[in-house]
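Okay, here's what each chain looks like letter by letter:
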Amino acid sequence: MEAFELLWHGFQVLLTFKTLSLMMIGLVLGIFVGVLPGLGGPNGVAILLPLTFTMDPTSAIVMLSSIYWGALFGGAITSILFNIPGEAWSVATTFDGYPMAQQGRAAEALTAAFTSSFIGSFVAVVLITFLAPRIAGFALRFGPPEFFAVYLLTFCSFVGLGREQRHKIVISMSLGLLLAGVGMDTVSGQLRMTFGSTDLLRGVNFLVAVIGLFGISEILLTMEERLALHGHVAKISPRVVWETWKTLPRYWVTLVRSSAIGCWLGITPGGAIAASFMGYNLAKRFARDKESFGKGRIDGVLAPETAAHAAGTSALLPMLALGIPGSGTAAILLGGLMVWGLNPGPLLFVEQKSFVWGLIASMYLGNIVGLVLVLSTVPLFAAVLRVPFAAIAPMILVSCAIGAYAVQNALFDIWLMLLFGVVGYVFKKRGYPLAPLTLALVLGSRTEDAFRLAMIGAGGDLRVFWSNWLVGTITTLALVMLFWPLIEKAIGGAGRLVRMRPAKA
Amino acid sequence: MEIDVEEPAAPAQDDRAVVGSRSVDVVVTLLLFGLACLLGFDSWRLGAGWESDGPQAGYFPFYLSILLGAASLFGLGSALKARAAADEPFVTRDQFRRVLQVLVPTFLFVLLIQYLGLYVASFILVVGFMRFIGGIALWKSALTAAVFVVAMFFVFDVAFDVIMPKGPLEAAFGR
């Protein structure tokens, strides 16, 4: 098995003192990010990205992805103990996690949450290990038309499958694509949409936008709400861990179902948030005793946590194999790859073996170390919540400013970050989704380049997107996704007609 | 271990709205439409046509502006059509006050960075915010801010070689 050999190589890359200590730092920072209000996975990673600018890519990605694992773990702590979801994907965890904590079963709930997170991530990492190289190998055959078709598919699925109002998704996406086009045009060398400003010449940097949209806006939103919290922090004893683990095999169906949902929604742009709710709802639907959900059932914690983590982890699969992020955080990691001078896409598996397999190995190790770390240090991290928000908020603001400045050493970017913060605040409150904007910002110029290269190759003939079965299938699928709501309605209507006819006769 | 955090200054639940969601929707969609027109015009000026080997530089942005413009007009239409009676508050007065409590200091902070450098501005932001908005004792605020700023300096400027904008204070120390 080639994958095992390469994975072994990855572990060798990983097992140095420096990389391991960076991993520990990343995990601890990540758990903080997950626990603190006003900070989440995507902004945590975006703010801390500048730390890695001068590192070699492998150390950088190990540290950043560890922050991500840590944030995924950390979100569960506040949901269960304080009924405050630190992350949107931990909302479903509060349904049964908080009642468990109130019944004095906090340690059990936390153990269940952490362990199921671990299981979800683990399934997704195994999937990445064996599937990603194959997809990448397949994608090596892709030319510009195929890549454009894949990008088109990504954007169309956002519009077609999104839960928000369609025009708001389109606004968010087209705004992102437009902002990505600001600055020097890479094909013709002309300046676009700069209006003579030298600051706009650099373009709107994706990381600056993300720090504003997620970091600053989150602080504004957190300030708006009531910040009081009350809870009882339990220490997790090894005996409770063992007792909880003994009951887990009973829930294997829930775990398998949630892992599958998570992996699927992570790879497609459904995301960890949708996965956690779907995992919870399906566990409830299939349960014999539906009434007891929401009153402190352990599988009410297992189901959403497994799904959220499987989704969060498998979102890295399309990023590694195709250069298309499956989530906001994956999009930021992708932005990181470009900063470190790597070219995301299928060639990564050929040209940067140490990097890719070091990252995959770090997913295994990071999740195991993260599990041990959170199980042993919950009270410590929960105590962070005692620090008043008035002290945390300005520190987060400073970190945001440092992050925004460090990307291109431009003071203008800090102003831009502030502007994006206000935009993010209004967008979040009025239900404009931020994920399409983020994705469009990071993929915008690549999408356009792919389109124009395809056009140059085909002499300006649009039929190139149906020129062979591969690109034709992807393009058609993209259009199906775009009009999915209409198609769904049509199928529903046809189904009703068919059912009505026998009734008439 | 009990953890209790109370917040006496929390916003009241039943406060008057500063602005309704409908008005915000109208303003946002109008702004977006204006932006679409501006960017669309610039792209058209650059050339939004089709050459023998594919689109000109302004082609993509031009049609994206049309898409953005159309979507924002649709949003404007549905905002205007929405019943005024069913309008929910976008932000209440209490909430708005608290949002400004962060937004205004952040704005001043960014302004100060231009003159004093990032670290001094950060120190002022942390002390000021903790003291005046959090109501935390001055010595605690100053100590926290000092430790935080020095730690940030060592992490970014010294350990990771990420250089931040400097002002007169750093110049006095020769950095």
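Predicted, not measured: the structure shown is a model, and the values here were computed from it. (Residues numbered from 1 in each chain as written. Chains lettered and ligands numbered in written order. Predicted model: local features only at pLDDT ≥ 70, side-chain atom pairs only at ≥ 80, totals over all residues.)

Some points on the overall build of chain A
Regarding its fold elements, chain A presents 23 helices and 3 strands. For chain A, the C-alpha radius of gyration of 23 Å lies close to 23 Å, the compact-globule estimate for 505 residues. Counting only residues that meet the buried cut, chain A has 61% of its 505 residues in that class. (Helix = DSSP H or I, 4+ residues; strand = E, 2+ residues; numbered from the N terminus. Rg over C-alpha atoms; globule rule 2.2 N^0.38 Å. Buried ≥ 20, exposed ≤ 12 C-beta atoms within 10 Å, placed from the backbone.)

Considering the interface of chain B and chain A
Across the contact, 66 residues belong to chain B and 60 residues belong to chain A. Of all the secondary-structure elements, those providing two or more residues to the side of chain B that touches chain A are strand E1 (2–5), helix H1 (21–46), strand E4 (54–55), helix H2 (59–81), helix H3 (93–116), helix H4 (118–133) and helix H5 (138–159) of chain B. A total of 12 residues in the side of chain B that touches chain A trace back to one element, the largest contributor, which is H3 of chain B. Along the lines of polarity and charge, the residues of the side of chain B that touches chain A split into 42 nonpolar, 15 polar and 9 charged. (Contact = placed C-beta atoms within 7 Å. Nonpolar A, V, L, I, M, F, W, Y, C, P; charged D, E, K, R; others polar.)

Quick notes on the environment of Gly135 of chain B
As for its position among the elements, Gly135 of chain B is in the loop between H4 and H5. Note: C-alpha distance between Gly135 of chain B and Leu32 of chain B (103 residues apart in sequence) is 39 Å.

As for the packing of helix H12 (residues 252–267) of chain A against helix H13 (residues 271–286) of chain A
Residues and elements named next belong to chain A. With their axes 9 Å apart at the nearest point, H12 and H13 run at an angle of 150° to one another. With respect to each other, H12 and H13 are oriented roughly antiparallel. For H12 against H13, the interelement crossing comes out right-handed. Along its contact with H12, which presents Thr254, Arg257, Ser258, Ile261, Gly262, Leu265 and Gly266, the element H13 presents Gly271, Ala272, Ala274, Ala275, Met278, Gly279, Leu282 and Ala283. For the contact of H12 with H13, the class distribution of residues is 8 nonpolar, 6 polar and 1 charged. (Axes fitted to C-alpha atoms, helices over the stretch in contact; angles between N-to-C directions. Parallel < 35°, antiparallel > 145°, perpendicular 65-115°, else oblique. Left-handed = near helix turned anticlockwise from the far one by under 90°.)

Re the packing of H1 of chain B against H2 of chain B
Residues and elements named next belong to chain B. In the contact formed by H1 and H2, the axes pass within 8 Å of each other and the chain directions differ by 160°. The orientation of H1 relative to H2 falls into the category roughly antiparallel. Note that H1 runs across H2; the crossing there is left-handed. Grouping the amino acids of the contact of H1 with H2 by side-chain chemistry returns 16 nonpolar, 7 polar and 2 charged.

Some details on helix H21 (residues 435–458) of chain A
Residues and elements named next belong to chain A. An ideal rise of 1.5 Å per residue puts 34 Å on 24 residues; H21 measures up with 32 Å between its terminal C-alpha atoms. The sharpest bend along H21 reaches about 55° and sits at Leu443. Within H21, 19 of the 24 residues are buried, which leaves the element mostly enclosed by the surrounding structure. (Expected span 1.5 Å × (residues − 1). Bend = angle between axes of the 7 residues up to and from the residue.)

Section: the confidence of the model for chain B
With 89% of its residues at a pLDDT of at least 70, chain B reaches an overall mean of 85. The ipTM for the predicted assembly is 0.91, set against a pTM of 0.87. (pLDDT = per-residue confidence, 0-100.)

Points about the nonpolar core
Ile80, Leu110, Ile211, Ala275, Ala401 and Met417 of chain A are the most contacted members of the largest nonpolar core, which has 223 residues in total. Leave out the neighbours within four places in its chain, and Ile211 of chain A touches Asn43, Ala46, Ile47, Cys400, Gly403, Ala404 and Met417 of chain A. (Core = buried A, V, L, I, M, F, W, Y, C linked by C-beta atoms within 7 Å.)

What to know about the environment of Tyr364 of chain A
Residues and elements named next belong to chain A. Structurally, Tyr364 is set in helix H18 (residues 353–382). The partly exposed category is assigned to Tyr364, around which 18 C-beta atoms lie within 10 Å. Residues Tyr364 and Phe122 lie 242 residues apart in sequence; the distance between their C-alpha atoms is 6.9 Å.

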